[in-house]
Protein chains: 2
Amino acid sequence: MPSYKAPIRDMQFVLQEVWSVENLLNTCPNFAEISPDLIDAVLEEAAKINETLLQPLNQSGDQEGCQFDNGKVSTPKGFKEAYQTYQESGWPAIAADPNYGGQGFPQMVNTLNEEMLSSSNVSFSLYPGLTHAVANAIEQHATEELKNTYIPQLTSGEWTGVMCLTEPHCGSDLGLLRTKAESNDDGTYNISGTKIFITGGDHDLTDNIVHLVLARLTDAPAGVKGISLFLVSKHKLNEDNSIGERNHVSCGSIEHKMGIKASATCVINYDNAVGYLVGEPNRGLNAMFTVMNTERLAIGVEGLGLGEVAYQNALLYAKDRLQGRAPQGATHPEKSADPIIVHPNVRRMLLTMKAYNEAARAFAVWVGMHVDLEHHHPDAEQRQQAANFVALVTPIVKAYFTDVGLDVCNMGLQILGGHGYVSEWGMEQFVRDVRIAQIYEGTNGIQALDLVRRKLLANNGEHLAIFTEQVDKFINEQNNNNAMQEFIEPLNNALTTLRDVSQWLLDNAGKNPAEAGAASTEYLHLFGLTAFGFMWAKMAAIALNKIDGSAEKDFYTAKIHTARFFMQRLLPKVFSLKQIILTGSNTLMAMPEELF
Amino acid sequence: MPSYKAPIRDMQFVLQEVWSVENLLNTCPNFAEISPDLIDAVLEEAAKINETLLQPLNQSGDQEGCQFDNGKVSTPKGFKEAYQTYQESGWPAIAADPNYGGQGFPQMVNTLNEEMLSSSNVSFSLYPGLTHAVANAIEQHATEELKNTYIPQLTSGEWTGVMCLTEPHCGSDLGLLRTKAESNDDGTYNISGTKIFITGGDHDLTDNIVHLVLARLTDAPAGVKGISLFLVSKHKLNEDNSIGERNHVSCGSIEHKMGIKASATCVINYDNAVGYLVGEPNRGLNAMFTVMNTERLAIGVEGLGLGEVAYQNALLYAKDRLQGRAPQGATHPEKSADPIIVHPNVRRMLLTMKAYNEAARAFAVWVGMHVDLEHHHPDAEQRQQAANFVALVTPIVKAYFTDVGLDVCNMGLQILGGHGYVSEWGMEQFVRDVRIAQIYEGTNGIQALDLVRRKLLANNGEHLAIFTEQVDKFINEQNNNNAMQEFIEPLNNALTTLRDVSQWLLDNAGKNPAEAGAASTEYLHLFGLTAFGFMWAKMAAIALNKIDGSAEKDFYTAKIHTARFFMQRLLPKVFSLKQIILTGSNTLMAMPEELF
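Residues numbered from 1 in each chain as written. Chains lettered and ligands numbered in written order. Predicted model: local features only at pLDDT ≥ 70, side-chain atom pairs only at ≥ 80, totals over all residues. Heavy atoms only, no water.

### Looking at the pairing of strand E7 (residues 228-233) of chain B
Residues and elements named next belong to chain B.
Here is step 1 of the chain: With respect to burial, E7 is a largely interior element, six of its six residues being buried.
Here is step 2 of the chain: Burial of E7 is two-sided: the residues Ser228, Phe230 and Val232 facing one way and the residues Leu229, Leu231 and Ser233 facing the other way are all buried.
Here is step 3 of the chain: Here four bridges tie E7 to strand E11 (residues 265-278), and the two strands are oriented antiparallel to one another. The partner of Leu231 across the bridge, within E11, is Tyr276. (Buried < 20%, exposed > 50% of the residue type's maximum accessible area, 1.4 Å probe, protein only. Helix = DSSP H or I, 4+ residues; strand = E, 2+ residues; numbered from the N terminus. Pairing = 2+ DSSP bridges.)

### Considering empty space enclosed by the protein
Residues and elements named next belong to chain A.
Here is step 1 of the chain: Under the criterion given, the structure shown has eight cavities of 30 Å³ or more.
Here is step 2 of the chain: Taken as a whole, the largest cavity spans an internal volume of roughly 390 Å³.
Here is step 3 of the chain: Forming the boundary of the largest cavity are 27 residues, of which Tyr86, Glu114, Leu117, Pro128 and Gly129 lie nearest the centre.
Here is step 4 of the chain: Breaking the lining of the largest cavity down by element, the ones donating at least two residues are helix H3 (36-54), helix H6 (107-129), helix H7 (131-141) and helix H9 (284-320).
Here is step 5 of the chain: Among the elements that make up the lining of the largest cavity, the one with the highest residue count is H6 (nine residues).
Here is step 6 of the chain: Split into classes, the residues belonging to the lining of the largest cavity amount to 15 nonpolar, nine polar and three charged. (1 Å grid on protein atoms, 1.4 Å probe; cavity = no way out; pocket = protein on both sides within 12 Å on 5 of 7 lines; lining within 4 Å. Points joined across faces, edges and corners; volume = space filled by probe spheres on them. Nonpolar A, V, L, I, M, F, W, Y, C, P; charged D, E, K, R; others polar.)

### Digging into the pattern of salt bridges
All names here are of chain A.
Here is step 1 of the chain: Across all of its chains, the model carries 50 salt bridges over all chains by this definition.
Here is step 2 of the chain: Linking Glu477 and Lys473 is a salt bridge whose minimum nitrogen-to-oxygen distance equals 3.5 Å. One end of the pair is Glu477 and the other is Lys473, both in helix H15 (residues 462-477) and four residues apart, which spans about a single turn.
Here is step 3 of the chain: Using a relative accessible area of 55% as the deciding quantity, one classes Lys473 as exposed. (Salt bridge = Lys/Arg side-chain N within 4 Å of Asp/Glu carboxyl O.)

### Focus on helix H19 (residues 573-581) of chain B
Here is step 1 of the chain: Taken residue by residue, H19 of chain B has Val574, Ser576, Leu577, Ile580 and Ile581 of chain B as its buried positions. Buried residues of H19 of chain B, viewed axially, fall in a sector of 165 degrees; they line one side.
Here is step 2 of the chain: On its buried face, H19 of chain B is in contact with helix H18 (553-570) and helix H19 (573-581) of chain A together with helix H16 (485-508) and helix H17 (515-546) of chain B. (Arc of directions from axis to C-beta. Contact = heavy atoms within 4.5 Å.)

### Comments concerning the packing of helix H6 (residues 107-129) of chain B against helix H10 (residues 344-376) of chain B
All names here are of chain B.
Here is step 1 of the chain: Interhelical geometry of H6 versus H10 gives an angle of 140 degrees and a closest axis separation of 7 Å. Considered as vectors, H6 and H10 are oriented oblique to each other. Judged by the sense of rotation from one axis to the other, the crossing of H6 with H10 is right-handed. Residues Gln107, Met108, Thr111, Leu112 and Glu115 of H6 pack against Arg361, Ala364, Val365, Gly368, Met369, Val371 and Asp372 of H10. (Axes fitted to C-alpha atoms, helices over the stretch in contact; angles between N-to-C directions. Parallel < 35°, antiparallel > 145°, perpendicular 65-115°, else oblique. Left-handed = near helix turned anticlockwise from the far one by under 90°.)

### Quick word on the pairing of strand E5 (residues 189-199) of chain A
Residues and elements named next belong to chain A.
Here is step 1 of the chain: Counting buried positions along E5 gives nine out of 11 residues, so the element sits mostly inside the fold.
Here is step 2 of the chain: Where strand E4 (residues 180-183) and E5 come together, four bridges link them in antiparallel fashion. Bridging across to E5, Lys180 finds its partner in Ser192.
Here is step 3 of the chain: Taking the residues that link successive antiparallel strands as the turn, the E4-E5 hairpin has five residues, and the phi of Gly187 there is positive, at about 90 degrees.
Here is step 4 of the chain: Strand direction decides the pairing type here: E5 and strand E11 (residues 265-278), joined by nine bridges, are antiparallel. By the bridge assignment, Gly193 is partnered in E11 with Tyr270.

### Quick notes on the relation of the copies chain A and chain B
Here is step 1 of the chain: Superposing chain A onto chain B takes a rotation of 180 degrees plus a shift of 0.0 Å along the axis, which leaves an RMSD of 0.0 Å. Such a combination of rotation and displacement between the chain copies is what one expects of a two-fold axis. Relative to the rotation axis, the C-alpha of Ser576 of chain A is the closest in chain A, positioned 2.8 Å from it. (Least-squares fit on C-alpha atoms with pLDDT ≥ 70 in both.)

### Observations regarding H9 of chain A
All names here are of chain A.
Here is step 1 of the chain: With 37 residues, H9 extends 54 Å from end C-alpha to end C-alpha; this agrees with the ideal 54 Å at 1.5 Å per step.
Here is step 2 of the chain: Within H9, the axis deviates most sharply at Thr290, by approximately 30 degrees.
Here is step 3 of the chain: Taken across its 37 residues, H9 has 30 buried, putting it largely inside the fold. (Expected span 1.5 Å × (residues − 1). Bend = angle between axes of the 7 residues up to and from the residue.)

### Details of the state of the cysteines
Residue and element names in this part refer to chain A.
Here is step 1 of the chain: Applying the stated criterion across every chain yields a total of zero disulfides over all chains.
Here is step 2 of the chain: In this structure Cys66 is not part of a disulfide, and its nearest cysteine sulfur, from Cys266, lies 7.8 Å away.
Here is step 3 of the chain: The exposure class assigned to Cys66 is buried, which follows from its relative accessible area of 11%. (Disulfide = S-S within 2.5 Å.)

### Considerations on the domain arrangement of chain A
All names here are of chain A.
Here is step 1 of the chain: Under the domain assignment, chain A is made up of domain 1 (8-66 + 75-146), domain 2 (157-282) and domain 3 (444-590).
Here is step 2 of the chain: The C-alpha-based centres of domain 1 and domain 3 are spaced at 30 Å.
Here is step 3 of the chain: At the interface, six residues of domain 1 touch nine residues of domain 3.
Here is step 4 of the chain: Summing the contributions of domain 1 and of domain 3, the shared interface buries around 750 Å²; its carbon and sulfur component is 69%.
Here is step 5 of the chain: Joining domain 1 to domain 3, the criterion identifies three salt bridges.
Here is step 6 of the chain: For Lys559, the salt bridge is made with Asp10, and the minimal N-O distance between the two is 2.6 Å.
Here is step 7 of the chain: Looking at the side of domain 1 that touches domain 3, its residues break down into three nonpolar, no polar and three charged. (Domains from an automatic or database assignment. Buried area = accessible area lost by both parts, 1.4 Å probe.)

### Here we look at the side chain of Lys538 of chain A
Residues and elements named next belong to chain A.
Here is step 1 of the chain: Along the chain, Lys538 falls in helix H17 (residues 515-546).
Here is step 2 of the chain: Despite its burial, Lys538 pairs with no opposite charge, the nearest such side chain being Glu477 at 6.0 Å.
Here is step 3 of the chain: Setting aside residues no more than four positions away along its own chain, Lys538 makes contact with Val18, Trp19 and Phe474. (Lys, Arg positive; Asp, Glu negative; His and termini not counted.)

### Section: unusual backbone geometry
All names here are of chain A.
Here is step 1 of the chain: Phi is positive for Glu441, close to 60 degrees, though the residue is something other than glycine.
Here is step 2 of the chain: Its place among the elements puts Glu441 in the loop between helix H13 (427-435) and helix H14 (444-457).
Here is step 3 of the chain: Classification of Glu441 by relative accessible area gives buried; the value is 14%.

### Things to note about the environment of Thr52 of chain B
All names here are of chain B.
Here is step 1 of the chain: By secondary structure assignment, the location of Thr52 is in helix H3 (residues 36-54).
Here is step 2 of the chain: On the basis of relative accessibility, which here comes to 56%, the residue Thr52 falls in the exposed class.
Here is step 3 of the chain: In sequence terms Thr52 and Ala514 are 462 residues apart; their C-alpha atoms lie 50 Å from each other.
Here is step 4 of the chain: Within the structure, the side chain of Thr52 is placed 2.6 Å from the backbone oxygen of Lys48, a separation counted as a polar contact. (Polar contact = N/O pair within 3.5 Å; in protein donor to acceptor, adjacent residues only side chain to side chain.)

### A word on the packing of aromatic side chains
Here is step 1 of the chain: Per the counting criterion, the structure on display carries 50 aromatic pairs over all chains.
Here is step 2 of the chain: Ring geometry for Phe467 of chain A versus Phe534 of chain A: centroids 6.4 Å apart, planes at 80 degrees, classification edge-to-face. Note that Phe467 of chain A is positioned in helix H15 and Phe534 of chain A in helix H17, a separation of 67 residues in sequence.
Here is step 3 of the chain: Classification of Phe534 of chain A by relative accessible area gives buried; the value is 3%.
Here is step 4 of the chain: Consider the rings of Phe467 of chain B and Phe527 of chain B, whose centres lie 5.0 Å apart with planes at 45 degrees: the pair is tilted. Here Phe467 of chain B is found in helix H15 (residues 462-477), whereas its partner Phe527 of chain B is found in helix H17, with 60 residues between them in sequence. Note on accessibility: Phe467 of chain B and Phe527 of chain B belong to one class, buried.
Here is step 5 of the chain: Above the ring of Phe555 of chain A, the side-chain terminus of Arg9 of chain A is found at 4.4 Å from the ring centroid. (Phe/Tyr/Trp six-rings, centres within 6.5 Å; stacked < 30°, edge-to-face > 60°. Lys NZ or Arg CZ within 6 Å of the ring centre and 35° of its normal.)

### Some points on the interface of chain A and chain B
Here is step 1 of the chain: At the junction of the two partners, chain A supplies 94 residues and chain B supplies 94 residues.
Here is step 2 of the chain: Roughly 7,900 Å² of surface becomes buried between chain A and chain B when both sides are summed, with 60% attributable to carbon and sulfur atoms.
Here is step 3 of the chain: When the area that chain A buries against chain B is broken down by residue, the three leading residues are Tyr421, Arg569 and Phe596 of chain A, summing to 12%.
Here is step 4 of the chain: On the surface where chain A and chain B come into contact, there are two salt bridges.
Here is step 5 of the chain: In this structure, the salt-bridge partner of Glu522 of chain A is Arg569 of chain B, at a minimum N-O distance of 3.0 Å.
Here is step 6 of the chain: Applying the counting criterion to the chain A and chain B interface returns 45 residue pairs in polar contact (both at pLDDT 80 or more).
Here is step 7 of the chain: Of the residues forming the side of chain A that touches chain B, the biggest block, nine residues, is contributed by H18 of chain A.
Here is step 8 of the chain: The residue makeup of the side of chain A that touches chain B, split by class, is 40 nonpolar, 33 polar and 21 charged.

Written as structure tokens, this is what we have:
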């Protein structure tokens, strides 16, 4: 059975040494009552509940899966009790709005909680996972009455929240959706239709579930401009807001799927269910994007969380499994063989995993910090700048983290050889669980297109500059630091490559509408590699600065080794990506459909 | 439920137009009775049994899995009957030695049968899969008595054959194995020990199973030089070779694993089981490598077979699923949306799948042809040359095909979005099934090391030259062909890159024993890409030559489009791989174990 230990030291490194959470706390008045010590304590507590309560249910949850019987969904053994403990300990409220009972911790910290949840039990994490974002959407778009009725219970985790977009014939293209909403005299709506792939759409963990449902008003225009957002509560509420009779919402079935088997993926039927309009009529997609964008960041962090636990277990195995001898001669001559960590190719896989995970963690916290600045910086211009940055990098976090996360989990499985393929060892579950993250909340292909079209081209590269200028600034600061040149030079080359390719897209995408999509996946990977290169250069600079005389010399030495590995063995991929992108869309678009 | 249609036209193209099976038939006297027409008929029949008998059992086999009860293994519903039909139709004997009842078809053809089996039902294919190779090993190494006793039933498929190497503490490093063999007075041996991960080690398809078991004689030296090979029959045989009492061989349990769930992966216990020595004492590894090398080629083809069926189903979905509009404007304005095959990123995935699959098929048949030449060419020097080529490229087929196969299956899943993750659609099974192929028969890391150490360095690059000279020859032939320059130029660049990196390894690997392993995986991928580049250039040349006035203009046009796609969007990866390899082993080896 696999194990998990939260990487607290690295989390503290990223929070404090790389991105100075203290700076954030001092900048945003809403964090006045939160101190770095309090954050440390929260991380320690989060580690405990993840390591001791949630992780032990991960493998049994996978084996048992969810059950669907007579219209009711049951979660695996232990999930209900675990959720109760999780909820009563206040975890759902950790980053929620204090106006509704939340604890108001920064997203910069919460992203690390999300990572731990994904490492310990990603299926479990998906039940409370959307609730925070659903509460945010209600807070930003709904009436005061809806806010006061639903947000407190969502904040406390007494109820969970889910989002309902997909229909059988409509996934990425929401303009096709058919679920309909008929207006009632009392201001409510009757919602009818079928939604599929609803994560946590029904379960037995809480007494009520709040659905945010995209539907079409009777007189709505066709396409995406005719979509409205509705709140549909599984149970109607009584006058005193206590739970009343069932609304006409039912679960039709649950999917049997590759992984996240302990998370119920539901078909949900609405049969004249009572719903409440959230936000303006026909502006539902905008309101839903509040949820989606928050979720996309969380899904990216799933890639990291699963990559981290895969690394930990692969490392334990690589240090324990005796097989063959080191190329330079036995390192453990007293044993029958050396541990497989001596082999260059095993080290290649372990270092790749470590390099991607730690860069992703640094990047996630950096983005989390910008989410906090977007919402809480006292200066409006700074808020806008932060919002633009978050918008720019959201597809990177969602898609690049999860593309890399699949590779990392597969490497973990590979290190265990045959044992990696056997369920008992748990490595194959990580691969199955992480695979969904490339799909849900907008496939990675959609993310890549979003990055090129909306985040690069739509503003003529202005948002990109927010990123590149920060990298430039760092490079200039390090220009006279000799020890840093081995990191700065490859970073600078990658940045130049990213800029060249971005300029090529700005110059060419207008001429041929297929160019954006043709370049998109490679561009997203090029961007992700450059961003991770920046993280590694920055971490190396800090490590070089602190290493002398430090009691944690090993920790900083490992950072420098891993940074060097990243620069030399992973970052050079950008050059082939550039070459591929510059060949343009012709080879993709020329072949007629019938010739495939 | 997924579907499968054997790609007969492309198989014929590769067999006849690319590699001229007729040439092989004329060169090797043993194939005198086999004609191209007969081969066509065999392929058609193979297609039929795969499409109509084996593929329909693939998904149900995965869902039901194998059962282990009271020491007995049961295969899923329908497998026993399917095996009986398969066996009675003569398929196990297709490429087997006519001296023992085989039909003696070339491996060049058989590799396509193997592809179809992997596409239609890889779990099923693993039961008969090893039998042919086990018979070969007995034929090459055992006594006449053992040959006459066991090979006919293995050839007919009345019995299956399995190989038993791995033990709980010993996988890649066979020198550690402990299963012991004690000599009896009658020339037999008592075999005792436990083997794990034995594919098809027990099952209910045939009345007997022939195990080839690696074990250690009582007085054997330690390490790999003290390993002998034994034949252990599940049932002892009576005087008349009919099945007698059970030998002391038992199945202890079967593994629960990520995929190939309908293939029984067994723990096999030998408790003073009667065994017969095969080959010389202490030379068991050499004899077993006869089996392993044949199997490694077949495992590579598993990557292709699963990649092919993933492509077919992804393509059907991409032409059927309506979602969004083409970037250049609606292609199907009469429909609610365009099929997703209009989107550049979906085309990128489909073309990547198609380009890898078709190159792998061409390469597999080329290697199969060399296997035939190795065994049957009348000239000894030609046989040796072919043997050297097969040795060189075996790790490429095993590891590169399966690394690429995983990517291809994952792209197939991705094209279906959420439906790809749901078991019902079958795409996620392909990913789970293909994943084992990177592990068994020697992990892909072991293959990569084998390629660099034994196939490149050990003969000072001489075997590599067999490959590069053929590419050179082709390039020179095309030098005055203007239409071919767009393919020749990138191929030539890739070949130069492969040569440069090979030379760097020849120059540097001696100085530092870690260099071979450090470069190995990237080198294998660089080699694989160059080999596939050669396949595409060759196929493009044939297509350009035949296209004018052809009734199959579409087929040849698709080849040219796909070749162009491969050259522009996949082959450029070689440049980053070169850059990574040339950074050497330092970044992999420098970090002390305790810092991971």
